[in-house]
Amino acid sequence: MCGTALCADGGVVVRVAAVDCGTNSVRLLIADIARDGSEPVDVERRMEIVRLGQGVDRTGRLAPEALERTFTAMRGYAQLIAEHAGPSGRMPVRVVATSATRDASNRADFVAGVREIFGVEPEVVTGEEEARLSFTGATNGGPGAGDAPYLVVDIGGGSTEFVVGTDAVEGALSVDIGCVRLTERHLKGDPPDQATVEAAIADIEAAMDRVEAVVPVRRARTLVGLAGSVTTVAGIALGLPDYDPAKIHHSRVPAHEVHEISARLLGMTHDERAAIPVMHPGRVDVIGAGALILDRIVARYGFDEVVVSEHDILDGIAWSLV
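In what follows, the accompanying structure is described. (Residues numbered from 1 in each chain as written. Predicted model: local features only at pLDDT ≥ 70, side-chain atom pairs only at ≥ 80, totals over all residues. Heavy atoms only, no water.)

**Comments concerning the environment of Val26**
Line of reasoning, step 1. The topology assignment puts Val26 in strand β3 (residues 25-34).
Line of reasoning, step 2. Once the C-alpha coordinates of Val26 and Ile261 are considered, the two residues, 235 residues apart in sequence, prove to be 26 Å apart.
Line of reasoning, step 3. When sequence neighbours within four positions are dropped, the list of residues in contact with Val26 reads Val19, Asp20, Cys21, Arg46, Met47, Glu48, Val50, Ala73, Met74 and Tyr77. (Helix = DSSP H or I, 4+ residues; strand = E, 2+ residues; numbered from the N terminus. Contact = heavy atoms within 4.5 Å.)

**So, the pairing of strand β8 (residues 160-165)**
Line of reasoning, step 1. Of all the six residues making up β8, six are buried; the element is thus mostly covered by neighbouring parts of the structure.
Line of reasoning, step 2. Burial along β8 is two-sided: the face carrying Thr160, Phe162 and Val164 and the face carrying Glu161, Val163 and Gly165 are both buried.
Line of reasoning, step 3. In terms of strand pairing, strand β7 (residues 150-155) meets β8 through six bridges, oriented antiparallel. Across the sheet, Ile155 pairs through a bridge with Thr160, a residue of β8.
Line of reasoning, step 4. Taking the residues that link successive antiparallel strands as the turn, the β7-β8 hairpin has four residues.
Line of reasoning, step 5. Pairing of β8 with strand β9 (residues 169-175) involves six bridges; the strand directions are antiparallel. Each bridged residue has a counterpart across the sheet, and for Val163 the counterpart in β9 is Ala172.
Line of reasoning, step 6. The hairpin turn running from β8 into β9, its antiparallel successor, is three residues long. (Buried < 20%, exposed > 50% of the residue type's maximum accessible area, 1.4 Å probe, protein only. Pairing = 2+ DSSP bridges.)

**Structural notes on the sheet that holds strand β12 (residues 305-309)**
Line of reasoning, step 1. Reading across from one edge, β9-β8-β7-β10-β12-β11 is the order of the six strands in this open sheet, with mixed pairing throughout. In the strand order of this sheet, the two ends are held by β9 and β11 (252-254), each with one partner. Each strand axis lies, on average, 25° off the axis of its neighbour in the sheet, ignoring direction.
Line of reasoning, step 2. Sheet topology note: the β11/β12 ladder contains three bridges and is antiparallel. Within β12, the position partnered with Val253 by the bridge is Val306.
Line of reasoning, step 3. The strands that helix α10 (residues 255-266) touches are β11 and β12; relative to β11, the one it contacts most, it runs at about 75°. (Axes fitted to C-alpha atoms, helices over the stretch in contact; angles between N-to-C directions.)

**Topic: the packing of α10 against helix α12 (residues 287-301)**
Line of reasoning, step 1. Packing of α10 against α12 leaves a shortest axis separation of 9 Å and a crossing angle of 150°. Between α10 and α12, the angle is such that the two are roughly antiparallel. Considering only the axes of α10 and α12, their crossing is left-handed. Counted together, Ala255, Val258, His259, Ser262, Leu265 and Leu266 of α10 and Ile287, Gly288, Ala291, Leu292, Leu294, Asp295 and Val298 of α12 form the full contact between these two elements.
Line of reasoning, step 2. Along the lines of polarity and charge, the residues of the contact of α10 with α12 split into nine nonpolar, three polar and one charged. (Parallel < 35°, antiparallel > 145°, perpendicular 65-115°, else oblique. Left-handed = near helix turned anticlockwise from the far one by under 90°. Nonpolar A, V, L, I, M, F, W, Y, C, P; charged D, E, K, R; others polar.)

**A word on the side chain of Glu161**
Line of reasoning, step 1. By the secondary structure assignment, Glu161 is in strand β8.
Line of reasoning, step 2. Among the polar contacts made by the side chain of Glu161, one reaches the side chain of Ser159 at a distance of 2.8 Å.
Line of reasoning, step 3. Sequence-distant contacts of Glu161, defined by excluding residues within four places in its chain, comprise Arg102, Gly127, Glu130, Ala131, Val152, Val153, Asp154, Leu173 and Ser174. (Polar contact = N/O pair within 3.5 Å; in protein donor to acceptor, adjacent residues only side chain to side chain.)

**Some remarks on the packing of aromatic side chains**
Line of reasoning, step 1. By the definition in use, this model includes one aromatic pair.
Line of reasoning, step 2. Centroid distance Phe71 to Phe110: 6.5 Å. Interplanar angle 25°. Geometry classified as stacked. Of this pair, Phe71 sits in helix α2 (residues 64-84) while Phe110 is found in helix α4 (residues 107-118), placing the two residues 39 residues apart along the sequence. Across this residue pair, the class does not change: Phe71 and Phe110 are buried. (Phe/Tyr/Trp six-rings, centres within 6.5 Å; stacked < 30°, edge-to-face > 60°.)

Given below as structure tokens:
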């Protein structure tokens, strides 16, 4: 299949490729999306933990070894795109980079590498655009159980996006609290001591002060959580023997379980976290910070639960190509 094809009902289906390059992971979605707005069909959905943001909070630069890890994963993605593009070799491709690349003084090295691999110019999006793409990905096709307006939170490696809206975005802000950034700043012990946890909480609370100044978070009736920290907490809450996106997607985790899991993760050693069945090896050292961010959001805004979505900015990027 190349760029477009006709559905059986005469509607147009577009095969697209979306690449999301965050602080912790680089992900690929190749999907067939109908212009009538029906549910997309995944062709490939891949994720590699590359830790592009290694040390960026401290140095302000992308490390050479982090760039090479990222480019290695991307070369594999480019091959998959070529395989699924069909005889024409054409497919709409959009590559979006977020927090770590935004903050890096040597982002030109990243841009040049991506251009060489994919043949397209990567977009280093603003935090607000990142938030809007996350909202689109989470809410197109329905955000799961719960009443509008929604507060969509995308907890990434370098930043967290807060977006409120129903059919459209009413307010959005990206703040520099993420699981990698907070771990590198504060949570360095194994496990971290209470003083460092309190310092991380102070960072989170200060960021949420900024959010409340511009985003109508108190209007939201349903909290929708996105990205790997949230889905991992959901997998733990569900007691899954391995990571199962179908069971995690649109699951609901009560507030008290979010708090209990956060406290438990922060009290564990590296090896104890690594032994959790749903834990991706690349999240072992940062999941405590990610869970803590989610816990503080739930507690501050008084939500009874979080609705978990496997659809996020990656899906929003794909939708944007149609």
